Amino acid sequence: MEREKLKSRLGFILLSAGCAIGIGNVWKFPYMAGQGGGGAFVLFYLLFLVILGLPIMTMEFAVGRASHKSPVRAYQALEKPGQKWHIHGYFTLIGCYLLMMFYTTVSGWMLHYFYMTAVGKLVGLDADQVAGKFTEMLASPLTMGFWMVVVVAIGIFVCARGLQNGLEKVTKVMMIALLVIMVVLAVNSMFMPGAKEGLIFFLVPDFERMKEVGIVNTLVGAMNQAFFTLSLGIGAMAIFGSYIGKEHALLGESVRVVVLDTFVAITAGLIIFPACFTYGVDQTSGPSLIFITLPNIFANMAMGRLWGSLFFLFMAFAALSTVLAVFENIICCGMELTGWNRQKSSLVNFFLIIALSLPCVLGYNVWAWDGFAIFGGAVLDVEDFLVSNLFLPLGSLVYLLFCVTRCGWGWDNYKKEVNTGKGLKMHDWMRGYLTYGLPLIVLFIFVFGLYDKFIA
């Protein structure tokens, strides 16, 4: 079967950025920045993004482009006879399924809140009633199950239409709409009374405030967010590398994806922090910021229904862009493992992903259990822990070692592939850091994640 190709370079960049741009950018980044002291956190986040995320992204792209295979088969095309790197290929597929087991549910939350805001169900409610709407949603398996199935149906329908006619075409429109909506929301936030204080908090580094929060806490938080924001380690980027030609060097393409990802994260902060300072909201309020705090703001501001609808529409687009990208990975792996065509792999995965997503939906109500408290309280938290603390860091470490060590694909092969085409190049002077420094940093993130979860 001939390998499908993306129609345009823009399609590749927007698809890859769409995969990276997810709920982590627009939900987690603002409250992490709030808890990390604002501007200083953002400064170190940008630094770690360049020295951590960027090089590993080039490696995923390089493995994909050199092999022209899905992540589950890519290692077999590149490894030396008798090597076992390909075992990680199966773990990338498991990681993608695990991610979708809870991501489809959270994406459904975004669609549900868009619907509630658009039809005016939050208008006129006080703070406790708005908070009650979130609790009410979590307590209803039918509500969450319905929106989860809608998300899966949208994702599978788009991917089943093909790479160019489905995924690439829809993602281009959705990503451009997402960026336009974000800019409109950010401009609106600039005219709020508390905009100046919010922007100073968010964009101006204050190292005294960083000391109050804790220097180590801020640095480790920024490092974790920079690492996890790009969804590296489960082959989600490698699949798009396998769909592109050799016209452009991969470091330059990775820079473009990282810049888009960062633009969305920063713009989310520009939307949220002026609103927090205008309405006297605690900007460190954590995950509830999106579903309880912001709906309260929209319920009490002029034209709040319009701005709230646009906000949750952009949140839904950010979530769905990741869903589409990971579904493509899963469907393509299914095609290569079984020999099925795209439509059959899509149909089987429609039912499989719905079944796998049900524990997350039921974990907030029917299957609620105190034993999940160590992970955060629900089935979602267990699944998120497995992906974020095991599959992403360890998977990234495998890609890293495969590309830079002699017992893997090797530095020379990696460098040749990543530098093929026009654009920014990797150089030999980077080899020492990538071979010795970067693996130690990734290992630190992995170990600290476990320590923070179970010991701290």
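The sections below set out a description of the structure shown in this document. Since the model is a prediction, treat every value here as computed from it, not as a measurement. (Residues numbered from 1 in each chain as written. Predicted model: local features only at pLDDT ≥ 70, side-chain atom pairs only at ≥ 80, totals over all residues. Heavy atoms only, no water.)

**Observations regarding the side chain of Q225**
Step number 1: Assignment of secondary structure puts Q225 in helix α11 (residues 215-228).
Step number 2: Its relative accessible area of 3% is what places Q225 among the buried residues. (Helix = DSSP H or I, 4+ residues; strand = E, 2+ residues; numbered from the N terminus. Buried < 20%, exposed > 50% of the residue type's maximum accessible area, 1.4 Å probe, protein only.)

**Some words on the packing of aromatic side chains**
Step number 1: Enumeration over the complete set of coordinates arrives at 31 aromatic pairs.
Step number 2: With a centroid separation of 5.1 Å and an interplanar angle of 10 degrees, the aromatic rings of F134 and F291 are classed as stacked. Taken as a pair, F134 in helix α6 (residues 127-138) and F291 in helix α14 (residues 288-300) lie far apart in primary sequence, 157 residues in all. For the pair shown, F134 and F291 are each scored as buried.
Step number 3: Ring geometry for F385 against F454: centres 5.3 Å apart, planes inclined by 80 degrees, an arrangement best described as edge-to-face. Here F454 lies in helix α19 (residues 431-454) and F385 lies in helix α17 (residues 379-404), a separation of 69 residues in the sequence.
Step number 4: Judged by relative accessible area, which is 40%, F454 ranks as partly exposed.
Step number 5: A network of ring pairs unites the aromatic residues W109, Y113, F134, F291, F298, F311, F312, F314 and Y364 as a single cluster. (Phe/Tyr/Trp six-rings, centres within 6.5 Å; stacked < 30°, edge-to-face > 60°.)

**Brief notes about the pattern of salt bridges**
Step number 1: Under the defined criterion, the tally for this structure stands at 10 salt bridges.
Step number 2: Note that R256 is salt-bridged to E253, the shortest N-O span being 3.4 Å. Placement of both R256 and E253 in helix α13 (residues 250-278) is noted, with a separation of 3 residues, approximately one turn of the helix.
Step number 3: Members of the salt-bridge network, linked through shared partners, are E4, E328 and R342. (Salt bridge = Lys/Arg side-chain N within 4 Å of Asp/Glu carboxyl O.)

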